[in-house]
Amino acid sequence: MEEICKKNSEIEKLHSLIPLKLNPGENLMTVIFISDDQKVHYSFICKNTDKFNDLESKLYKIYPEYSKTNNYFLSNGKTIIKSKDLDFNKIKNSDIITLYCDDI
């Protein structure tokens, strides 16, 4: 019984370090955002099922100046469809996503 309690404690510690709950078919991954003007360089831990526009919103919280511009994103040479998830956009672990900014 003591061993079970110890293992439960270890599991709780791991869950507190990674605050994402994984469902079947979901994988943890990182994506790296950079910008064409080289002012952005930031990575996120996320899930393959996360919607891209949710990650975009998180990016704008860190770099709010980009929320005021017309932006598009490319990964692996393809334009990202913002309303779709990372799997749909064929974004894989450690992929680089480039933010292109068209000033308004």
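Now for a quick tour of the structure. Every chain's residues receive numbers from 1 upward, in the order its sequence appears when written. Only residues with pLDDT of 70 or above have their local features reported here, since the model is predicted, and side-chain atom pairs are shown and tallied only from 80 upward, although totals for entire chains, interfaces and linings are computed over all residues. Note that water and hydrogens are dropped before the side-chain values are worked out from all heavy atoms of the structure.

Describing the nonpolar core
So the rule is basically this: Only buried Ala, Val, Leu, Ile, Met, Phe, Trp, Tyr and Cys residues count toward a nonpolar core, and they belong to the same one when joined by side-chain atoms within 4.5 Å. The cut-offs for exposure are 20% and 50% of the maximum accessible area for each residue type, with area from a 1.4 Å probe on protein chains only; residues under the lower value are buried, those over the upper are exposed, and the others partly exposed. Strands are runs of DSSP state E lasting at least 2 residues, helices are runs of H or I lasting at least 4, and numbering of each runs from the N terminus.
In this structure, Val31, Phe33 and Phe73 are the most contacted members of the largest nonpolar core, which totals 19 residues. When residues of this core are traced back to their parent elements, those giving at least two are strand 1 (28–35), strand 2 (41–47), helix 2 (52–62) and strand 5 (95–102). A per-element tally of this core places helix 2 first, with four residues.

Structural notes on the pairing of strand 1
Selection rule: Paired strands are those between which DSSP finds at least two bridges.
Here strand 1 shows a buried face lined by Met29, Val31, Phe33 and Ser35 and an unburied face lined by Leu28, Thr30, Ile32 and Ile34. Pairing of strand 1 with strand 2 involves seven bridges; the strand directions are antiparallel. If you follow Ile32 over to strand 2, its bridge partner there is Ser43. Hairpin connection, strand 1 to strand 2: the antiparallel pair is bridged by five residues, and Gln38 has positive phi, about 65°. Pairing between strand 1 and strand 5: five bridges, direction parallel. Residue pairing for strand 5: Ile32 is matched across the bridge by Ile96.

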